[in-house]
Amino acid sequence: DVGPALLYATGGVALSKLTVEASAPGASFSASDTGVGLVLGGGMQIPVNDRLALRLEALHYMFGEETASTP
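Presented here is an overview of the structure given in this document. Everything numeric in this text was worked out from a predicted model, so none of it was measured.

For the chain, the count of helices and strands is 0 helices and 3 strands. Helices and strands appear in the chain in the N-to-C order β-β-β. Computed over C-alpha atoms, the radius of gyration of the chain comes to 21 Å, more than 25% over the 11 Å expected from 2.2 N^0.38 for 71 residues, which places it beyond the range of a compact globule. Reported as C-alpha extents along the three principal axes, the dimensions of the chain are approximately 65 × 25 × 15 Å. The buried share among the 71 residues of the chain stands at 8%. Of all intrachain contacts in the chain linking residues separated by at least 6 positions in sequence, the fraction that spans at least 24 positions is 47%.

With that settled, the discussion passes to the pairing of strand β2 (residues 27-47). Bridge analysis of strand β1 (residues 6-24) against β2 gives 19 bridges, and the strand direction is antiparallel. Across the sheet, the residue bridging to S23 is S28, located in β2. Hairpin remark: β1 followed by β2, antiparallel, with 2 residues in the connecting loop; positive phi at G26, about 85 degrees. Note: β2 against strand β3 (residues 53-62), 10 bridges, orientation antiparallel. Directly across from M44, in β3, lies its bridge partner L56. Counted along the chain from β2 to the antiparallel partner β3, the turn is 5 residues long.

This part covers a nonpolar patch on the surface. There is a patch of nonpolar side chains on the surface, built from V2, L7, M44, I46, V48, L52 and L54 and spanning about 610 Å² of accessible area. Looking at where L54 falls in the secondary structure, it is placed in strand β3. On the accessibility criterion, L54 (57% relative accessible area) is exposed.

For P25, the position within the fold is in the loop between β1 and β2. With 28 residues separating them in the primary sequence, P25 and A53 have C-alpha atoms 55 Å apart.

Taken in spatial order, the 3 strands of this open sheet run β1-β2-β3, and their pairing is antiparallel. Two strands in the sheet have a free side with no partner beyond their single neighbour: β1 and β3. Going across the sheet, the axis of each strand differs from the next one's by a mean of 30 degrees, ignoring polarity.

Before going further, it helps to examine the environment of A14. Mapped onto the fold, A14 is located in strand β1. According to the relative accessible area criterion, A14 is buried, its value standing at 5%. Each C-alpha atom, one on A14 and one on V39, is 5.8 Å from the other, the two residues being 25 residues apart in sequence. Not counting the four nearest positions on each side in its chain, A14 is found in contact with G35, V36, G37, L38, V39, Y61 and F63.

The rules behind these values
Residues numbered from 1 in each chain as written. Predicted model: local features only at pLDDT ≥ 70, side-chain atom pairs only at ≥ 80, totals over all residues. Heavy atoms only, no water. Helix = DSSP H or I, 4+ residues; strand = E, 2+ residues; numbered from the N terminus. Rg over C-alpha atoms; globule rule 2.2 N^0.38 Å. Buried < 20%, exposed > 50% of the residue type's maximum accessible area, 1.4 Å probe, protein only. Contact = heavy atoms within 4.5 Å. Pairing = 2+ DSSP bridges. Patch = residues over 30% accessible without salt bridge, like charges linked within 9 Å, V, L, I, M, F, W, Y side chains within 5 Å. Areas by Shrake-Rupley, 256 points an atom, 1.4 Å probe, with all protein chains shown as cover. Salt bridge = Lys/Arg side-chain N within 4 Å of Asp/Glu carboxyl O. Axes fitted to C-alpha atoms, helices over the stretch in contact; angles between N-to-C directions.

Dropping the structure here:
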C-alpha cells in the first residue's frame, strides 16, 4: 500500500494461437500453431468508495520470434 493506492506487479505464462490461411486458384494452404510465452506487468489501484476502484495496468507479452516462407 502507498497511502490509499495499491501498487502491484504481475507475471505468468501466456498462450497465443496463430492461424494462417491462404488461397489461390486451384490451391489453398492453412496452418495453425499455439505459442507459449511470458507476460509481465504492473499497475496501480485507487479506491473511489467502498464499492468502486480505479485501476491502471500495463502488460508486456513476450513470445519467441517465428518466421515462415512460401514457395
